[in-house]
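An overview of the molecular structure
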Amino acid sequence: MSNKMAYTILPRKSCMLKSVIRLAKVFTLLVFLILFPSLSLGQSEPQYDEVTVYLKVQGIGGADVPALIKGDVAYLSISDVFSLIKIKNTPSARLDSLSGFFINPQDEYLIDRAKNQITFQSKKIPLKPDELILTETNLYMKATLFGDVFGLNCLFNMRELSVLLTTKLELPLIREMKMEQMRNNLKRLKGDVKTDTTIGRKYPLFKFGMADWTLSSTQQQGAVPNTQLNLALGSVVAGGEMNVGLNYYGDNKLDLNRQTYLWRYVNNDLSALRQVSVGKIGAQTISTINGSLIGIQVTNTPTIYRRSFGTYTLSNVTEPGWLVELYVNNVLVDYTKADASGFYKFEVPLVYGISVLTVRMYGPWGEVRTRVENANIPFNFLPPGELEYSVNAGVVEDMPHTQLYRTNVNYGVSKRMTIGGGYEYYSTPSGINSLPFINSSVMLLNDLLLSGEYTSGVMKKSSLSYRLPSNLQLDFNYTDYEKGQKAILNAPLRENGFSLAVPVQAKKFSLYSRLSFSQMFYSDYTLANSEFLISGNLNGVSTNITTSMMSPDLKNITASSNFSLSFGLPGHFTVMPSALYDYNRKELITLHCDVQKPLWGNGYFNITYERNMLTKVSSINIGLRYDFSSMQTGLATRISKNANSFSQSARGSFYYDSKTHYLGTSNISTVGRGGFAFLAYLDLNGNGKRDKNEPKISGLNVRVNGGRVIRDAKDSTIRVIDLTPYTSYLVELDKNNFENISWQIKNKTMTVYADANQIKTIEIPIEVMAEAAGTVNLKSKSGTRGLGRIYVDFYRNGKTLVAKTLTESDGYFSYMGLAPGKYEARMDSSQLVKIKMTATPNFKAFTVKESKDGDYVEGLDFTLQSTVKDSTMEVKPAVEPKQVPEKVI
């Protein structure tokens, strides 16, 4: 018997039968122990029962795995558990040992029954004699050892014969599911996914949906306490999203300039006008403006991701160890973790049209930061013959006598060339900028891109990017500013630069190095900057060395290097030390060390030490955070010379489902996001609409390629929040948990568009299907017998063919899947002609009645006779029909 099994990740309670079987096993085991206790005590070897338990992996699903039960202790099949969560494992020939690596290839393990020990991460862990059990077909380990050794906490429930597996590690299965989600995103965005139905957007006149709040207070030694309150409100007004941000600072009066507001209408189906924005708009301008632009923006650029033609390296810096997600036109395309110094990079897919790159960064203490990177990619391509435009008009905040107008148009000349141009007008009391401009992007080779831009009276700009097959990338840029131009403040006369990036990927380590150099030429001096960065990961240790040099001339060069590490210690500690060294002073400038550790439940603790070697001042920061389901809370204190402080913070959000009158809470931001509420009901009459007498039901399972699923404990409604608006999501519906096999879902896959600041209610009609059964018999001189492989057709109202099925070898047939209504059952006429037979009767009429439990129709019996006279031969189908599954046409 092979110890390798194929698994299907299923939700819990996949069927009533499995639960009954498990309860029967438990009952039998208890009766045996009560009636025959002497048998269990009289054996010299430890006794155990070999059963199957349901292993639930939190947040993923589960499957049945072999287990041994001894008393109230469970032993799990190691190979089956590891195979389920995608951990490499290789059993020995005698099955008395198991080897492989745990998540990372360098973390090898060996579970040895002969030596009764586990070797993991070069450490030998001795085991007690009863912690490993070897049978003829499998090697089992005590359930608690999975958590003690590998961090896979297994909680055994004897009553249900189930095991709940929880862990804080990113298992290969979870990583694989995330990658699959991103692949599905890319397929969906390219139009490769076909679904049964599509639910489009809704444009209500008014609807309130989301709210975010943040409250923080800091008390510092020798200073006035500072309190901040931020409230963001998300709603729908006149069919467009309306986001308002109210910000209050305790040490100042309410400042209108610190408040935000934006109304945006989006319809990607309108090719002439897809977006209209009114309020504080974010417009790219040539002129330097000091303040937010208040006005209107109209464009036909869609908000969705479009097919790509290459990649471009995007890199930046955030906090060390933060999780960073990359969104291209509001669609998640990649994610990574910042290294020991906070450095991260992405291979950005270059898409046709203007790409809005958004980076969302998540800190270990609940911090969420958003950065728009749309200015970092100089290349803009459009499909041949496609035109895009953008028009902006407004005034600068706090400058009522200013005017800014900007129009930009781009056109795809060919697959490899796009040209564009426009006009910008900016007036202030001190002057006027009238700036016509043109630009172009050209693909010289598949991996060689060139872009150029010319603004009359201001500048000439060009960029060149070349990527080699080895992924080595070269970038050059050059900008020449017109002497005396006043549009761009503090600009040099000329600037140029280049960068060289070399990635290296191997089995046990990864390395990324980049050398960049830039020069800015002013009238009386030249400023040069260079940076050499090395970021790598070896055996779980993240390393970053960044050396920077700045020089106003060759005789005065300042240089420094920042050294950073990040590594884990036993007990789930993460240590991140760093040091800044100044080559001019030939001494260390700062020393920094951060230690983090997850605590009970959703608690997190960190302590940071920092020492400034120049001022001889040290500081210690101690922080504690706990994440509730409705909010994130934190306490922090800073101890330093004459600058001690204490701070408290809390943040959370609300979302409101107006149709079901449900007010929910979340510990992450919801404003500007979307959500779904799935409600399953019995469609008794099969009309696809919910009538007053049709009740809600439970048991529906929903899978969405994005967002967070929240199940209502008091209701059968399933809600999915944190969805990107104006984006379509793939929704898969699963009926395996319904209490009645007659309950069927017509559309099992759906494409649903998320609406900003709305919880979109989606009612799922569950059709109550009937079963029709009967027999087909062959009548001949030798008697009557059942005839197999004969098609039976079902017609609704005697006209429309809705289903067909095949008879079994004894002539019996049954079909489950008929909605309420009138039907006729007939023999397949084309098959009867081929096998030269007639049917009696010609058809059987029947009616499927409306019923919560589903109707059952029987007695649909037919008799076939050969049309060949005086035939004494046993008649068989002349043409063997192709075996097909039962299906609805």
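The numbering scheme is per chain: residues are counted from 1 as the chain's sequence reads. With the structure being a predicted model, the display of local features is reserved for residues of pLDDT at least 70 and the display and counting of side-chain atom pairs for 80 or more, all residues being used for whole-chain, interface and lining totals. Only heavy atoms go into the side-chain values, all of them from the structure, while hydrogens and water stay out.

A few words now on helix H4 (residues 143-150). For the exposure calls, accessible area comes from a 1.4 Å probe over protein chains only, and a residue counts as buried if that area is under 20% of its type's maximum, exposed if over 50%, partly exposed in between. The secondary structure listing takes helices from DSSP runs of H or I that are at least 4 residues long and strands from runs of E that are at least 2 residues long, numbered from the N terminus. Of all 8 residues making up H4, 6 are buried, and the element is well covered by its neighbours. The set of residues buried in H4 consists of Ala-143, Leu-145, Phe-146, Gly-147, Val-149 and Phe-150. One or two positions beyond H4, positive phi appears at Gly-151, with a value near 75 degrees.

What follows is about the nonpolar core. Judged by nonpolar contacts, the single largest core of 41 residues is most densely connected at Phe-82, Ile-111 and Phe-150. Element by element, the count of residues in this core is highest for H4, at 5 residues. Among all residues touching Phe-150, those that are not within four sequence positions of it are Phe-82, Phe-102, Tyr-109, Ile-111, Ile-118, Phe-120, Met-141, Leu-145 and Leu-169. Counting 28 residues, the second largest nonpolar core, distinct from the first, contains Val-792, Phe-813, Leu-860 and Leu-864. We call a set of buried residues a nonpolar core when its members are Ala, Val, Leu, Ile, Met, Phe, Trp, Tyr or Cys and they connect through side-chain atoms within 4.5 Å of each other. We call two residues contacting when some pair of their heavy atoms lies within 4.5 Å.

Turning to the confidence of the model for the protein, a few remarks are in order. For the protein, mean pLDDT is 83; residues scoring 70 or higher make up 86% of the total. What pLDDT expresses is the predictor's confidence in each residue, scored from 0 to 100. For residues 32-46, every residue scores under 50 in pLDDT, and the model assigns this stretch 4 contacts once sequence neighbours within four places are set aside.

With an omega of -5 degrees, the peptide bond running from Thr-840 to Pro-841 counts as cis. Positionally, Pro-841 belongs in the loop between strand E59 (837-840) and strand E60 (843-848). At Ala-238, a residue that is not glycine, the phi angle is positive and equals roughly 55 degrees. By secondary structure assignment, the location of Ala-238 is in the loop between strand E15 (226-237) and strand E16 (240-249). Classification of Ala-238 as partly exposed rests on a relative accessible area of 45%. Positioned with a positive phi, Lys-586 is a non-glycine residue whose angle comes to about 60 degrees. Within the secondary structure, Lys-586 sits in the loop between strand E38 (573-582) and strand E39 (587-598).

With respect to the helices and strands, the residue Leu-723 is situated in strand E48 (residues 718-723). Leu-723 sits in the buried class, given a relative accessible area of 0%. Separated by 36 residues in the primary sequence, Leu-723 and Ile-759 place their C-alpha atoms 9.9 Å from one another. Dropping the residues within four chain positions of it, Leu-723 is found in contact with Arg-673, Gly-674, Gly-675, Phe-676, Gly-706, Gly-707, Tyr-729 and Ala-754.

Remark on secondary structure: sheet strands pair via backbone hydrogen bonds, oriented parallel or antiparallel. One requirement defines pairing of two strands: DSSP has to find at least two bridges between them. An order of E4-E5-E6-E7-E8 is seen for the 5 strands of this open sheet, with the pairing classed as antiparallel. The open sheet has two free edges, formed respectively by strand E4 (90-91) and strand E8 (123-126), since each of these has just one partner strand. In terms of strand pairing, E4 meets strand E5 (residues 97-101) through 2 bridges, oriented antiparallel. Directly across from Pro-91, in E5, lies its bridge partner Leu-98. Angles run from 0 to 180 degrees between N-to-C directions of axes, and those axes are lines fitted to C-alpha atoms, restricted for helices to the stretch in contact. Along the sheet face, H4 touches strand E6 (108-112), strand E7 (117-120) and E8 and points at about 30 degrees away from the line of E7.

Our next topic: the sheet that holds strand E10 (residues 139-142). On the basis of which strands lie adjacent, the open sheet formed by 7 strands has the order E9-E10-E3-E2-E1-E12-E11 and mixed pairing. Lying at the two open borders of the sheet, with one neighbouring strand each, are strand E9 (132-134) and strand E11 (153-157). For this sheet, the mean angle separating the axes of adjacent strands, direction not counted, is 35 degrees. Here 9 bridges tie strand E1 (residues 49-57) to strand E2 (residues 61-70), and the two strands are oriented antiparallel to one another. Within E2, the position partnered with Glu-50 by the bridge is Leu-68. Of the strands in this sheet, strand E3 (73-77), E10 and E11 are in contact with H4, which crosses E10 at around 75 degrees.

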